[in-house]
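# Survey of secondary and tertiary structure
The lines below spell out each chain.
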Amino acid sequence: MAKTEVKTSLLDNMIGVGDMVLLEPLSEETFIDNLKKRFDHSEIYTYIGSVLISVNPYRPLPIYSPEKVEEYRNRNFYELSPHIYALSDEVYRSLRDQDKDQCILITGESGAGKTEASKLVMSYIAAVCGKGAEVNQVKEQLLQSNPVLEAFGNAKTVRNDNSSRFGKYMDIEFNFKGDPLGGVISNYLLEKSRVVKQPRGERNFHVFYQLLSGASEELLNKLKLKRDVSRYNYLSLDSAKVNGMDDAANFRTVRNAMQIVGFPDHEAESILEVVATVLKLGNIEFKPDSRVNGLDESKIKDKNELKEICELTGIDQPVLERAFSFRTVEAKQEKVSTTLNVAQAYYARDALAKNLYSRLFSWLVNRINESIKAQTKVRKKVMGVLDIYGFEIFEDNSFEQFIINYCNEKLQQIFIELTLKEEQEEYIQEDIEWTHINYFNNTIICDLIENNTNGILAMLDEECLRPGIVSDETFLEKLNQVCATHQHFESRMSKCSRFLNDTSLPHSCFRIQHYAGKVLYQVEGFVDKNNDLLYRDLSQAMWKASQALIKSLFPEGNPAKINLKRPPTAGSQFKASVATLMKNLQDKNPNYIRCIKPNDKKAAHIFNETLVCHQVRYLGLLENVRVRRAGYAFRQVYEPCLERYKMLCKQTWPHWKGPARSGVEALFSELEIPVEEYSFGKSKIFIRNPRTLFKLEDLRKQRVEDLATLIQKIYRGWKCRTHFLLMRKSQIMIAAWYRRYAQQKWYQKTKSSALVIQSYIRGWKARQILRELKHQKRCEEAVTTIAAYWHGTQARRELSRLKEEARKKHAIAVIWAYWLGSKVRREYRKFFRSYAGKKIYEFIIQRIMQNYFLEMKNKMPSVSPIDKNWPSRPYLFLDSTHKELKRIFHLWRCKKYRDQFTDQQKLIYEEKLEASELFKDKKALYPSSVGQPFQGPYLEINENPKYKKLKDAIEEKIIIAEVVNKINRANGKSTSRIFLLTNNNLLLADQKSGQIKSEVPLVDVTKVSMSSQNDGFFAIHLKEGSEAASKGDFLFSSDHLIEMATKLYRTTLSQTNQKLNIEISDEFLVQFRKDKVCVKFIQGSQNNGSVPMCKRKNNRLLEVAVP
Ligand SMILES: Nc1ncnc2c1ncn2[C@@H]1O[C@H](COP(=O)(O)OP(=O)(O)OP(=O)(O)O)[C@@H](O)[C@H]1O
Ligand SMILES: [Mg+2]
C-alpha cells in the first residue's frame, strides 16, 4: 500500500519542538511554553525521548482516521510528528519482532484522557494486526469489552463526564505472527461508595441512567422499574443528564456489546435484574420502632419496594426483612442476635447495595475474561495496557482517594525506577561517564503508606482488627503517634509542633505530601471502608435468592461454608493487587503515555498554565528530559547488538570470532558513526541519539532486504539449477531412450536391409551356382547325350553289325535248320503222323475261337434293338465272323422284341409301316402322325344312342368312324360329316342326325389325292360312271388324314386285291359331274386350324390355302 508521504522526520514543519529533548534552553517555562504552543496548534502530542505527553484537547481532532493509521504504520518512531499511533506502532512492532512483552502505562489526572488514550492504542493495534474471521472476532470482543466495563465502572464526576471509577489493566495476548489471541482484564478497586452516594454535581454509574432511559417499557416492567430517575434515592438529581451523552443510545450500544462479547440474552437480563435490585434497595426506608430491652429498633416504612425486590431476586420476604432488622454475631459457637436501629439499618442497606454492585462488577470482569481469553495454549506475547484512575485531589478526600493516590504513587515509583533511577544507576554500573541528575524519589512516600510495620495501611488494618472500641478517631490518633516524624505526613494532632497552628489542616484530617502535591484526607469512614463489612444476615439472605447470579455473588452466605475468619481488609487487598500489578509491569518493557489536563473546565482551547505546570512538576517531566538529554537514548547488551547489526560490517558478517564488544567496536568504526554518538559500557553499548539508532535500523533494514534478495537470488539460482539439472537429467534420459529407440529402429532396418541384400546376394549367388550347375549338368547331359548318342550310334552300329552278323548267323542257322529240318523230315517223315500240323493249327484256332466267344459272352451289349454298341474285333481274321455275329445278334434281339407284341399291336405297327411306306418323305404331314396311335373309330357309334339308327343301318365292321369336313364342291365351304369306313363301303352321314348321306362301295374308289404340304385336305376319286360318282369326286379335310388314307389303302387292298392309287401332288384334277376342276394348293394361309381355306375360283380352279 502506498504510504502518504507527509513528512520524513518529526523535525519537518515542527511547531515548537516535537521532542522536549531538543528544547533549548530547557526550563519549566520553556517546557510549558512549548506544550502550549503545540496545544494551540492542535498538536496535543509531544515526546520526551520515547515517552509520550498527551494534552487533552477536549474536542474531537481529525488525527485518528484510517489514513492516519496507514501513515504511521511500520514507520520509525521519530520519522513522523509525535502521535499516539507512533508509540502504539513502536510497541506493537517491538512485541512482534523483538519478542519482548510490552506494557503501556497511561497515567495522568482524572480527565486527562487516559481512557481515551487506551482506546486509541487498542483501536490502532486492532487496525494493524492480522486479519481473518477468527482474528476479527477476537479483536471485536476485545474492543467491545470497553463499552460494557465503562457503563458499569464509569461515572460523571466534576472532573470528567466519563470518569473511570476503577482501575483497569488489560493484557492483550498475541501469537508469534502478531495476531491477537485474546486478553485478560484485571480491575482495581471500584469506587463503590458512589453506588449509594455521589458528591454534588456528580452521578452514579452510567448503567443506572442508561437502563432507565434506554430500556423498553416491557423490560422496565419486568424489572419492576419506573423510567423516572427521581423515584430512586440512589440517583442524585442535580446532574441526571450529562451534556453530549445519550444514555438511551448508550444502553443499546452496551446491549449490543454484551452480545458481541458473548453474553447470552438471559445472562444480560440477570445482570440488569441485579442493577434493578440495587436501585430498589436504595428506596427501602426505615423508621424507628418501639424499643425492646432498651434497644432501638427499626422498621421498614413501605414494604412494597421490599416485596418487589424479593420478587426480582426470589428471596423470601420475611428472610430479607429480618436481615434488615437484626444482626447476628457468631463467636466461639455463640450466636448473638441484636436488633438494628434506624442508622444501622440504613448502613446495612447501603452496605448490601455497594457489595451487590461491586461484586456484580467483579463478576462481569471475570465473565468478560472468560469470553475473551485466548483459546490456545501456545506461547503468547503480551501487551499490557494500564488505564488506572489518575491522581485525585478533591475537597473532601476519603479512603478511596487515599487508595487511588497510593496507586499513582506506586506508578510514579515504577516510572522513576525505570526511567530515572535505574538509568542513572546503569550508567555508573557500566562505567559510563555520568554527571548525576537530581530528581525526586517517591519511595519514601510509598513507604509511608505501605510499610508493613508502621505504614498507614498497616495501621488502619491494625485498628480494624483491634478489640475494643475502634473508630476513625482512634485510627488518626494512632497515625499521629506513629507517623508524626515522617517528612511527608502532616497532622494537627501529631506530636510534631509544625502544624499546631496550621488552620488549613482540620483536626479530623491528615495530610500527605504526595509526589503530585499535598492531599488532605478526611479520616471519617476509613475504618468502615477498610473493614468493608456486610452483615452476615444479609449475605445469607442473598445466598437464599433463587436468582442464580445473585446467589453466586454471595458464596459466603452459604451456611455450610461459614468462615469465622475475617475477610482481608479492603486496604490490604488493594495493596496486594497493586504489588502484583507492579511485578507484572516490571517484567515487561515499559512505555509511557503521560496525560495532561489543560484546564479544569473540560473545555477546548483553554490552556491553564498553572494547572499544567503543576502536573508537569509532579510528573517529573523536566527531570525526565534532563536525564534523557544527559544520557543515552538506547542501550543494548553487546551480544544481541552484534547479532542484530552484524550484517552491516564485512568483518562481523556472517560470524564474529572474538568477544562481542570488539565485534560491536569493529562494526561501529566501519559504519563511521561519530564517536560522541556512542559509548562502550562494561556489558552494553550506549547510543546517545535515537537518530543514530534509526540510522542503524535503516541500514539494517536495507541490508536485510539485500540479504533477503541475496538469499532469494541464491535460492532461485539453486531452484533453477536443480530444475535445470533435473531437466538435463530427464533430457539425457529421454535422449538416451530416444537414441536407443532410434538405434534399435535403425538396426532393425539395417538388419532387414542386410537380410534383403543378403538374400538377394545369396539368391544371385545361388542362381549363379545353379546356372553353373545347370550348365555343368547340361554339359554333362550333353556329354552324356552325345556319349549316349555316340554309344547309341556305336551300339546300333554294333547292333546292326551284330544283327547283320546274327541275321547272317540266323539265316545260316535257318537255312541250316531248314536244311536240317528238311533233311530230318526227309529222314524222319516216316516216324511222324502226316496231319499233326493241321491238328495243332486247328487246336490253336479252336482255342482262339473259344476265348473269343467266352469274351464275347462277357462283353455282350444290351438287348435293345437300338443299342449300337458292339465289342471290337480281337483278331483280323475274325472280321467277317464278328460282323456276322453282330448281324445275327441284332436280328435275334429284334425278333425277341417283336415277339413281345400282341396281334392288335402288330396290326397297328403294320398299319404304321404301311403309312411309312406310303407317305414317308412324300407328305409333310407324315412326321406328325408317327407319334399318334391309329385308333380307327374315333366316334363311339356303338355306345352313343344318338347314332343308334346309323349303327343299325350298318352291318359290317366299322374300320374308321370320324367326323370330317366335307368341302362343298361349288363354293369350297366345309360341312361336318361322319366319315365311316367299313370292309366294303365308304359312308358319309349327317353329324347331327346320323342319317347316311352317301354310300360308296370301295370298288368304286379309284384314287386318293392330296398335297405334299402339312395339311389334311384330300380328294377321293370315284370310278367314272358309278352311281356314287354322279355328283363328282369327294373333297375332305381331316385331322387324321394319314391314318384314313392308310386304312383306306389297306382295306381296298384286302377287299379288292388292288392297290389303291395315292397321288401326292400340289396340283391335281378332280371330276365334279362333267367338269374337271384343278385343285391348287397355295401356301401362306393364316388359318392354322385343320380345316384348309378352300376357294372356288372358277369352273376349273379350286384354290386351297395351306399353312
Ligand atoms: N485525544 C482526545 N481527543 C479528544 N477528546 C479527548 C481526548 N482525550 C480525552 N478527551 C476528552 O476528555 C474526556 C476525559 O477523558 P478520559 O475519560 O480519557 O479521562 P481519564 O484520564 O480516563 O479520566 P479518569 O481518570 O477520570 O478516568 C473524554 O471524555 C473526552 O471528551
Ligand atoms: Mg478513565
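Summarised in this report is the structure supplied together with it.

Calculation criteria
Residues numbered from 1 in each chain as written. Chains lettered and ligands numbered in written order. Predicted model: local features only at pLDDT ≥ 70, side-chain atom pairs only at ≥ 80, totals over all residues. Heavy atoms only, no water. Helix = DSSP H or I, 4+ residues; strand = E, 2+ residues; numbered from the N terminus. Rg over C-alpha atoms; globule rule 2.2 N^0.38 Å. Contact = heavy atoms within 4.5 Å. Polar contact = N/O pair within 3.5 Å; in protein donor to acceptor, adjacent residues only side chain to side chain. Donors = N, O, S within 2.8 Å, 3.2 Å for Na, K, Ca; no water. Buried < 20%, exposed > 50% of the residue type's maximum accessible area, 1.4 Å probe, protein only. Near = heavy atom within 4 Å. Areas by Shrake-Rupley, 256 points an atom, 1.4 Å probe, with all protein chains shown as cover. Nonpolar A, V, L, I, M, F, W, Y, C, P; charged D, E, K, R; others polar. Salt bridge = Lys/Arg side-chain N within 4 Å of Asp/Glu carboxyl O. Phe/Tyr/Trp six-rings, centres within 6.5 Å; stacked < 30°, edge-to-face > 60°. Lys NZ or Arg CZ within 6 Å of the ring centre and 35° of its normal. Pairing = 2+ DSSP bridges. Axes fitted to C-alpha atoms, helices over the stretch in contact; angles between N-to-C directions. Core = buried A, V, L, I, M, F, W, Y, C linked by side-chain atoms within 4.5 Å. Expected span 1.5 Å × (residues − 1).

### A closer look at the overall build of the protein chain
Check the secondary structure of the protein chain and you find 32 helices and 31 strands. For the protein chain, whose C-alpha radius of gyration is 82 Å, the value lies well above the compact-globule estimate of 32 Å for 1107 residues. Oriented by its inertia axes, the alpha-carbon framework of the protein chain measures out at about 225 × 105 × 70 Å. Here the contacts in the protein chain between residues at least 6 apart in sequence split such that 64% fall between residues at least 24 apart.

### Some details on the side chain of Thr-328
Looking at where Thr-328 falls in the secondary structure, it is placed in strand β10 (residues 326–331). Side chain to side chain, Thr-328 and Ser-337 meet in a polar contact 3.0 Å long. One polar contact links Thr-328 to Asp-537, side chain to side chain, over a distance of 2.6 Å. Not counting chain neighbours up to four residues away, the residues in contact with Thr-328 comprise Arg-322, Lys-335, Val-336, Ser-337 and Asp-537.

### Observations concerning the coordination of the magnesium ion (ligand 2)
Donor atoms from the polypeptide that coordinate the magnesium ion (ligand 2) comprise Thr-115 (OG1) and Ser-164 (OG), at 1.8 to 2.1 Å from the metal. Within this pair, whereas Thr-115 is found in helix α4 (residues 114–128), its partner Ser-164 is found in strand β5 (residues 163–164), the two being separated by 49 residues in sequence. Per residue, the accessibility class of Thr-115 equals that of Ser-164, and both read buried.

### Concerning the site of ligand 1
Around ligand 1 lies a shell of 18 residues, among which Ser-110, Gly-111, Lys-114, Thr-115 and Ser-163 are the nearest. Note that a nitrogen atom of ligand 1 is positioned 3.1 Å from one of the side-chain N or O atoms of Tyr-64. Contact with the protein chains removes 87% of the 620 Å² of surface that ligand 1 exposes when unbound. Every element with two or more residues in the shell around ligand 1 is listed here: α4 and β5. Per-element tally for the shell around ligand 1: the top contributor is α4, with 3 residues. A class-by-class count of the residues in the shell around ligand 1 yields 4 nonpolar, 10 polar and 4 charged.

### What to know about the pattern of salt bridges
In total, this model carries 57 salt bridges according to the counting rule given. Put simply, Arg-1050 and Glu-914 hold a salt bridge, and the shortest N to O gap is 3.3 Å. Taken together, the positions of Arg-1050 in helix α32 (residues 1041–1056) and Glu-914 in helix α29 (residues 903–919) put the pair 136 residues apart, joining distant regions of the chain. Connected through salt bridges with shared partners, the residues Arg-165, Glu-191, Arg-194 and Glu-202 form a single ionic network.

### Describing the packing of aromatic side chains
Inspection of the entire model under this criterion finds 37 aromatic pairs. Consider the rings of Phe-166 and Phe-361, whose centres lie 4.9 Å apart with planes at 65°: the pair is edge-to-face. Of the two residues, Phe-166 is situated in the loop between β5 and β6 (167–174) and Phe-361 in helix α13 (residues 342–372); the sequence distance between them amounts to 195 residues. Given the relative accessible area of 4%, Phe-166 is considered buried. Judged by centre distance (5.5 Å) and plane angle (35°), the ring pair of Phe-1018 and Phe-1036 falls under tilted. Here Phe-1018 is found in strand β25 (residues 1017–1022), whereas its partner Phe-1036 is found in strand β26 (residues 1034–1037), with 18 residues between them in sequence. By the burial criterion, Phe-1018 is buried, and Phe-1036 matches it. Following the ring pairs from residue to residue traces out a cluster consisting of Phe-399, Phe-402, Phe-475, Phe-489, Phe-510, Tyr-521 and Phe-526. Here the basic side chain of Arg-367 rests over the ring of Phe-263, its NZ or CZ set 5.0 Å away from the ring centre. A cation over a ring is seen here: Arg-969 above Phe-1034, with NZ or CZ 5.0 Å from the ring centre.

### Some remarks on the pairing of strand β12 (residues 381–387)
Within β12, 7 of the 7 residues are buried, leaving the element largely enclosed by the surrounding structure. Side chains Lys-381, Met-383, Val-385 and Asp-387 project from β12 onto one buried face, and the interleaved Val-382, Gly-384 and Leu-386 project onto a second face that is buried too. With 5 bridges connecting them, strand β3 (residues 102–108) and β12 associate as parallel partners. When the bridges of β12 are listed, Ile-106 appears paired with Asp-387. Pairing geometry for β6 and β12, over 7 bridges, is antiparallel. Paired with Lys-168 across the bridge in β12 is Asp-387.

### Digging into the sheet that holds strand β13 (residues 489–490)
The sheet built from 3 strands is open, its strands ordered β13-β14-β15 with antiparallel pairing. Looking at the sheet topology across the chains shown, the edges are occupied by β13 and β15 (517–522). Here β13 pairs with strand β14 (residues 509–514) via 2 bridges, running antiparallel. Within the sheet, the bridge partner assigned to Phe-489 lies in β14 and is Ile-512.

### Comments concerning the sheet that holds strand β18 (residues 678–680)
Reading across the sheet, the 3 strands line up as β17-β19-β18 and stay open at both edges, with antiparallel pairing between neighbours. One side of each edge strand has no neighbouring strand; the edge strands of this open sheet are β17 (634–637) and β18. Pairwise comparison of adjacent strand axes, ignoring direction, gives a mean angle of 15° for this sheet. Here 4 bridges tie β17 to strand β19 (residues 684–687), and the two strands are oriented antiparallel to one another. If you follow Phe-634 over to β19, its bridge partner there is Ile-687. Across the sheet, helix α24 (residues 638–645) is in contact with β17, β18 and β19; its angle to β17 comes to roughly 100°.

### Quick word on the nonpolar core
Among the nonpolar cores identified, the biggest contains 182 residues, and Phe-31, Phe-152 and Phe-510 are the most heavily contacted of them. Residues within four places of Phe-31 in sequence aside, it is in contact with Met-20, Leu-23, Leu-26, Ile-48, Ile-53, Val-616, Leu-621, Leu-622 and Val-625. Of all hydrophobic cores here, the second largest spans 33 residues; its members include Phe-919, Phe-979, Val-1005 and Ile-1020.

### Focus on unusual backbone geometry
The amide bond that connects Trp-653 to the next residue, Pro-654, takes the cis arrangement and shows omega of 0°. In this structure, Pro-654 sits in the loop between α24 and α25 (660–670). Phi is positive for Asn-74, close to 60°, though the residue is something other than glycine. Counting through the fold element by element, Asn-74 comes out in the loop between α2 (66–72) and α3 (84–98). In this structure Asn-74 comes out as partly exposed when scored by relative accessible area, which is 36%. Residues other than glycine seldom take positive phi values, yet Asp-921 does so here, at roughly 65°. Residue classification places Asp-921 among the exposed positions, given a relative accessible area of 76%.

### Notes on helix α9 (residues 247–261)
Counted at 1.5 Å a residue, the expected span for α9 with its 15 residues is 21 Å, and the 20 Å between its end C-alpha atoms agrees. Every buried residue of α9 is listed here: Asp-247, Ala-248, Phe-251, Val-254, Ala-257, Met-258 and Val-261. Turning to α9, the residues buried within the fold contact α5 (133–153), α7 (206–214), α8 (217–222), α10 (265–281) and α13. Of the residues flanking the start of α9, the one acting as N-cap is Asp-246, its side-chain oxygen 3.2 Å from the backbone nitrogen of Ala-248. Where α9 terminates, the next one or two residues include Gly-262, which has phi positive at roughly 120°.

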